[in-house]
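# Breakdown of the fold
One-letter residues, chain by chain:
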Number of protein chains: 2
Amino acid sequence: MSKRDLEYFFNPRSVAIIGPSRFPRKFGYVILENFLTSGFKGEVYPVNPKADEILMKKCYASVKDIPKSVDLAVIVLPAQKVSQAVKECVEKGVKACIIISGGFSEIGNKKGEEEILSIAKEKMRIIGPNVFGIYDAYTNVDTIFAPRYRLERPKKGHMAFISQSGAFGTALLDTLASYGIGISKFISIGNRIDVDEVDLLEYLAKDKETRAIALYIEGVKRGKEFVKTLKSVTKRKPVVIYKAGKTKKAKEAVKSHTATIAGDERIYSAVFKQCGAIEANTVEELMDFTKAFSYGLHPKGDRVQIITNGGGFGVITADEVEKRGLKLAELSSRTIEEIKKRMPPYAVISNPMDLIGDANAERYKIALDFALKDKNVDLVITIILIQLSLIESDIIDVLAEMKKKYEKPIIVCATGGEFTMMHRKMLEKNGIPTYDTPERAVAVAKALVDYASMH
Amino acid sequence: MSKRDLEYFFNPRSVAIIGPSRFPRKFGYVILENFLTSGFKGEVYPVNPKADEILMKKCYASVKDIPKSVDLAVIVLPAQKVSQAVKECVEKGVKACIIISGGFSEIGNKKGEEEILSIAKEKMRIIGPNVFGIYDAYTNVDTIFAPRYRLERPKKGHMAFISQSGAFGTALLDTLASYGIGISKFISIGNRIDVDEVDLLEYLAKDKETRAIALYIEGVKRGKEFVKTLKSVTKRKPVVIYKAGKTKKAKEAVKSHTATIAGDERIYSAVFKQCGAIEANTVEELMDFTKAFSYGLHPKGDRVQIITNGGGFGVITADEVEKRGLKLAELSSRTIEEIKKRMPPYAVISNPMDLIGDANAERYKIALDFALKDKNVDLVITIILIQLSLIESDIIDVLAEMKKKYEKPIIVCATGGEFTMMHRKMLEKNGIPTYDTPERAVAVAKALVDYASMH
């Protein structure tokens, strides 16, 4: 690994936590606990001159007192103590440093950042300050300072997430975890005095666990490099971007949040498009789109077949398909005939295809199998109201089988409570993306089609 | 009660279930079980000539054999047997009848419906056919034929929901229940050969448990009456409408779903507006808006104050407020001064007001109390990332207190997993509406402001 390599952040052999507290709810304590209890494989060293041990781990007075080498340092100190700690890290030969502490340019303290940078320059890479840091689902590097019983961590998956806002990012991680959706890496970049979105896009493009990248930004730092990098990354992997700070007042808020100039929204949208990235217009879309991309779904065209067991949902989905500029697939007469032969007479074999409220998994299997086989269909949106009383859990097997049998994407819309959610999690485990509403499912279909048509 | 009164549907003294099966997953069995086990207070009579008893209840061969009077009949028979059952109900003097059975005009069988109507006319009111029927959270009339372990029923609340699509409606009920949101009445109207949305709007306008009405329609049946009724109902209670079947293909699907002509979408939108109703553009909005209205929230103007503990969420919310045409409130200098005095120096006392990630309930209390007191503020959107480690459950008490102290609406955005959801349910119990994302919270604020400005 070169000194510029970000690998030390995500896969360090040893970590020093600088400034952990003895009090359980304090940020440093939570971070130390994450490293000690969540399966991180490397060495962990707490640094706190005022404590002998925390969480039964011996504390060192300075990072320089640690007897072995340190790859990653996590600094959780008040702002005014950070530069001294950074200095000691550099002297110790630490390779990568995450500065959690706030109190820098976001409140006008630009000087503090310049000081840190001048100390670390070329010798140690820095993420932060003013960040939540990193969560890596594979190596268990976890500097998110909210306890796991409050903020669940997602399991291993293939979606990476770069967020300029830490609170925003971690709230979404928590949401993803509760839906059973996995991620590869999460990085909160905050004031980004060193490592920024460009570095991370480059790094994640090569990361083998990452198949799709979500990016929340309030403004980019290095315009030219951003465009160049984004263009090249989107050729390898889908990148979904949510740009905050679009309106006048929000731009002002951005300044006091991450000290960023938000810029003109139309320019941003045009640039994203030109670079082959997908823009998310809502928070939901950022997650919804990236999840589907991380499952590796790539439709060959824009013709959507809708299959449902609830007529109303079929109608709404058809509306959305048309509104979003996708096409409703037209099944061949042969396909229609084959399906009709095997269905009760009251089923509506059209588009939307309504299997009716008494449909079971077998009916879905017939419908999906023939629809996916039809060369007029590029992807299928399946609405499954699993709370209706004749569908059993074998619907999961049917969908998993169809996903394996055909390369065409299957997107599921399932609206409901706990029973529905239980089944949705099983589908997600099988790499089938599920959504709450028809609108969200169709928006995802459009994003998949858009990316496929650009690349 | 007059013979035309719908009260017999929602508060019958006795119910006959005609056509229940002995097999637990069959629709009639589930409905019978609902009446027997969910707290319904009236008499329940199963009618099935082929069974002696079902669920330990004596079966009658015909509704006419029931020794006492019957207010409500629920018919769960194959289509060809329905008219005979209707005839017997009329002869028995049954007041109200829900025909669950499908197989009528939605598959071209218009004749079957005409036959039923000619038998029942002026003597018995009918909901259906092709419906899920009714769920009344207060009287426990429940003809939803999905078992409760699969489809949860919402608790008592103040939102009524009329849905032309049964599956659509019940899937949303299930969702509402899982979020801890209550309803008053749910009615699936299906092919509506007799009772339609106009009758129900009139009825619900007078219903004391109902404070707001959600309506899903694919097309209205009696245009003139609909307009007249809607105009008068919206003066008393907010009505939120989702119109499906807007695009060409979706209109075709509507025909085979509920045998409805979907009509021109622009005309519908104009009519809704002119009648003082709120149009929902997505499934989410239908539920999100109606919930807030059912909590009785009525802002006096359009000036929104944003309070957050996550900067990114503040920025996104400010963007949305501006995009949706609401105003960001400008706090008086007095208010700003009072809040600043009580906050740490790094908190951003502006709009959005960022209490920063280490905010606790006390900081929220100060912010809310002064902001709500300020005459430049009409409503508050509060973002609470409760997974951040210094907020405790006493945030619930703070919000409940503020809601009581001030008449101004408080809308909460809380994004997260299980821990967050637990707290959201507590807020909902206190009549404070909570939403997953800033976009949804702001959309609700806009709907509240729109309704208030029209009425």
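The structure we're discussing is the one just above.
Residues numbered from 1 in each chain as written. Chains lettered and ligands numbered in written order. Predicted model: local features only at pLDDT ≥ 70, side-chain atom pairs only at ≥ 80, totals over all residues. Heavy atoms only, no water.

### Remarks on the overall build of chain A
Threshold: Note on conventions: DSSP H or I runs of at least 4 residues are helices, E runs of at least 2 residues are strands, and numbering of each starts at the N terminus. Taken over C-alpha atoms, the radius of gyration is set against a globule rule of 2.2 Å times the number of residues to the power 0.38. Note on exposure labels: buried denotes an accessible area under 20% of the residue type's maximum, exposed denotes more than 50%, and partly exposed covers the range between, all computed with a 1.4 Å probe on protein chains only. Two residues qualify as a contact provided that any one of their heavy atoms is within 4.5 Å of a heavy atom in the partner residue.
Helix and strand counts for chain A stand at 16 helices and 19 strands. Its C-alpha atoms give chain A a radius of gyration of 25 Å, within 12% of the compact-globule value 23 Å for 455 residues. Considering only C-alpha atoms, chain A reaches an extent of 80 × 45 × 40 Å along its principal axes. The buried share among the 455 residues of chain A stands at 66%. Excluding contacts between residues fewer than 6 apart, the proportion of contacts in chain A whose partners are at least 24 apart in sequence is 74%.

### Observations concerning the nonpolar core
Note the cut-off: Only buried residues count toward a nonpolar core. Its members are Ala, Val, Leu, Ile, Met, Phe, Trp, Tyr and Cys residues joined through side-chain atoms within 4.5 Å.
Counting 229 residues, the largest nonpolar core has Leu-286 of chain A together with Leu-286 of chain B as the members making the most contacts within it. Once you skip the residues sitting within four places of it in the chain, Leu-286 of chain B turns out to touch Phe-161, Phe-168, Leu-172, Ala-214, Leu-215, Tyr-216, Val-240, Ile-241, Tyr-242 and Ala-280 of chain B.

### Let's talk about the side chain of Glu-106 of chain B
All names here are of chain B. Keep this limit in mind: All tallies of charge rest on Lys and Arg as positive and Asp and Glu as negative; His and the ends of each chain are not included. Just to be clear on terms, a salt bridge is a Lys or Arg side-chain nitrogen sitting within 4 Å of an Asp or Glu carboxyl oxygen. Here a polar contact is taken to be a pair of N or O atoms separated by no more than 3.5 Å, where protein atoms must pair a possible hydrogen donor with a possible acceptor and residues adjacent in sequence count only if both atoms sit in side chains.
Turning to its location among the elements, Glu-106 is positioned in the loop between strand 6 (96-99) and helix 4 (110-120). Buried Glu-106, no salt bridge; nearest opposite-charge side chain is Lys-110, N-O distance 9.8 Å. For Glu-106, the side chain forms a polar contact with the side chain of Asn-191, separated by 2.9 Å. Not counting residues up to four positions away in its chain, the partners in contact with Glu-106 are Asn-130, Asn-191, Lys-255, Ser-256, His-257 and Ala-259.

### Things to note about the packing of aromatic side chains
Test applied: Only Phe, Tyr and Trp rings are paired, with Trp represented by its six-membered ring, and only when their centres lie within 6.5 Å; those with planes under 30 degrees apart are stacked, over 60 edge-to-face, the remainder tilted. Criterion for a charge above a ring: Arg CZ or Lys NZ at most 6 Å from the ring centre, at most 35 degrees from the ring normal.
With the rule as written, the count across this model stands at 26 aromatic pairs over all chains. Relative to Phe-186 of chain B, the ring of Phe-161 of chain B lies with its centre 5.5 Å away and its plane at 65 degrees, an arrangement referred to as edge-to-face. Linking Phe-161 of chain B in strand 9 (residues 159-163) with Phe-186 of chain B in strand 10 (residues 185-188), this pair joins segments that are 25 residues apart in sequence. What links up through ring pairs into an aromatic cluster is the set Phe-161, Phe-168, Phe-186, Tyr-216 and Tyr-242 of chain A together with Phe-313 of chain B. Taking NZ or CZ as reference, Lys-185 of chain B lies 5.5 Å from the ring centre of Phe-10 of chain B, over its face. Of note, Lys-373 of chain B hangs over the ring of Phe-370 of chain B, and the distance from its end group to the ring centre comes to 4.9 Å.

### A look at the relation of the copies chain A and chain B
The cut-off we apply is this: The fit set for superposing copies consists of C-alpha atoms from residues with pLDDT of at least 70 in both; the fit itself is least squares.
When chain A is fitted to chain B, the residual RMSD is 0.0 Å, and the transformation amounts to a turn of 180 degrees plus an axial shift of 0.0 Å. One copy is carried onto the other by what is essentially a two-fold rotation axis. Most of the interface of chain A is mirrored in chain B, where 100% of its interface residues are also at the interface.

### A closer look at the interface of chain A and chain B
Defined as follows: Only Asp, Glu, Lys and Arg are considered charged, only Ala, Val, Leu, Ile, Met, Phe, Trp, Tyr, Cys and Pro nonpolar, and every remaining residue, Gly among them, polar.
With 72 residues of chain A at the contact, the number on the chain B side is 72 residues. Counting across the interface, chain A meets chain B through four salt bridges. Arg-150 of chain A is the partner of Glu-392 of chain B in a salt bridge, and the nearest nitrogen-oxygen pair spans 3.7 Å. In terms of residue count, helix 11 (residues 311-323) of chain A provides more of the side of chain A that touches chain B than any other element does, nine residues in total. Along the lines of polarity and charge, the residues of the side of chain A that touches chain B split into 34 nonpolar, 19 polar and 19 charged.

### Let's talk about the environment of Asp-65 of chain B
Along the chain, Asp-65 of chain B turns up in the loop between strand 4 (57-58) and strand 5 (72-75). Taking the C-alpha atoms as reference points, Asp-65 of chain B and Glu-88 of chain B, separated by 23 residues in sequence, lie 9.9 Å from one another.

### Quick notes on the sheet that holds strand 13 (residues 278-279) of chain B
Residues and elements named next belong to chain B. The criterion, for reference: For two strands to be treated as a pair, DSSP must find at least two bridges joining them.
Taking strand neighbours across the sheet as the criterion, the six strands line up as 8-10-9-11-12-13 in an open arrangement whose pairing is mixed. Either end of the sheet is taken by a strand with one partner, and the two such strands are strand 8 (134-136) and strand 13. Bridge analysis of strand 12 (residues 239-243) against strand 13 gives two bridges, and the strand direction is parallel. From the neighbouring strand, Val-240 faces strand 13, where its bridge partner is Ile-278.

### Some thoughts on the packing of helix 10 (residues 283-294) of chain B against helix 16 (residues 438-454) of chain B
All names here are of chain B. Counted only if it meets this: In this description, a line fitted to the C-alpha atoms serves as the axis of each element, helices being fitted only across the stretch in contact, and the angle between N-to-C directions of two axes falls anywhere from 0 to 180 degrees. Any angle from 65 to 115 degrees is called roughly perpendicular, while one under 35 is roughly parallel, one over 145 is roughly antiparallel, and all others are oblique. In a left-handed crossing the near helix is turned counterclockwise from the far helix by less than a right angle, and in a right-handed crossing that turn is clockwise.
Relative to each other, helix 10 and helix 16 sit at 55 degrees, their axes nearing to 9 Å. As far as their axial angle goes, helix 16 and helix 10 are oblique. Crossing angle aside, the handedness with which helix 10 passes helix 16 is right-handed. Every residue of helix 16 that contacts helix 10 at Glu-284, Glu-285, Asp-288, Phe-289, Ala-292 and Phe-293 is listed here: Arg-440, Ala-443, Val-444, Ala-447, Leu-448 and Tyr-451. For the contact of helix 10 with helix 16, the residue count by class is eight nonpolar, no polar and four charged.

### A word on helix 14 (residues 394-405) of chain A
The periodicity of an α-helix, 3.6 residues per turn, causes residues three or four places apart in sequence to face the same way. All names here are of chain A. To keep it simple, the criterion reads: Expected span of a helix: the number of residues minus one, times 1.5 Å.
Helix length check: helix 14 (12 residues) gives 17 Å between terminal C-alpha atoms against 16 Å at 1.5 Å per residue, within 8%. Of the residues making up helix 14, those classed as buried are Ile-395, Ile-396, Val-398, Leu-399, Ala-400 and Met-402. Turning to helix 14, the residues buried within the fold contact helix 13 (361-373), strand 18 (410-413) and helix 15 (418-429).

### Some details on the side chain of Lys-291 of chain A
All names here are of chain A. Tracing the chain through its elements places Lys-291 in helix 10 (residues 283-294). Polar contacts involving the side chain of Lys-291 include one to the main-chain carbonyl oxygen of Thr-434, which spans 2.8 Å. Beyond its immediate chain neighbours, meaning those up to four positions away, Lys-291 contacts Met-159, Ile-181, Glu-428, Pro-433, Thr-434 and Tyr-435.

### Notes on the packing of helix 12 (residues 333-341) of chain A against helix 13 of chain A
All names here are of chain A. In contact at an axis separation of 10 Å, helix 12 and helix 13 are set at 165 degrees when each is read in the N-to-C sense. Of the possible angle classes, the one that applies to helix 12 and helix 13 is roughly antiparallel. Here the hand of the crossing between helix 12 and helix 13 comes out right-handed. Across from Thr-335, Glu-338 and Ile-339 in helix 12, the residues of helix 13 making contact are Ile-366, Ala-367, Phe-370 and Ala-371.

### Some words on the pattern of salt bridges
All names here are of chain A. For the structure on display, the rule yields 67 salt bridges over all chains. Across the pair Lys-95 and Asp-71 runs a salt bridge whose closest N-O atoms are separated by 3.9 Å. Taken together, the residues span a long stretch of sequence, with Lys-95 in the loop between helix 3 (79-92) and strand 6 (96-99) and Asp-71 in the loop between strand 4 (57-58) and strand 5 (72-75) at a distance of 24 residues. Its relative accessible area of 1% is what places Asp-71 among the buried residues.

### A few points about helix 3 of chain A
Residue and element names in this part refer to chain A. Given a rise of 1.5 Å per residue, 14 residues ought to cover 20 Å, and the 21 Å separating the end C-alpha atoms of helix 3 matches this to within 8%. Those residues of helix 3 that sit buried are Val-82, Ser-83, Ala-85, Val-86, Glu-88, Cys-89 and Val-90. Looking at the buried side of helix 3, the elements it contacts are strand 1 (14-18), strand 5, strand 6 and helix 4 (110-120). Just downstream of helix 3 lies Gly-93, where phi reads positive at about 85 degrees.

### Topic: the pairing of strand 1 (residues 14-18) of chain B
Residues and elements named next belong to chain B. Quick note on the threshold: Handedness of a crossover: with both strands directed away from the viewer, a clockwise path from the first strand across the helix to the second marks it as right-handed.
Counting buried positions along strand 1 yields five of five residues, so the element is predominantly enclosed. Neither face of strand 1 is open: one carries Ser-14, Ala-16 and Ile-18, the other Val-15 and Ile-17, and all of them are buried. Looking at chain direction, strand 1 and strand 2 (residues 43-47) are connected through five bridges and run parallel. Bridge pairing links Ser-14 to Glu-43 in strand 2. The parallel pair strand 1 and strand 2, bridged by helix 2 (residues 27-37), forms a crossover whose chirality is right-handed. Strand direction decides the pairing type here: strand 1 and strand 5, joined by four bridges, are parallel. Of the residues in strand 5, the one forming a bridge with Ala-16 is Ala-73.

Take it as geometry only, folks, not as evidence of what the structure does.
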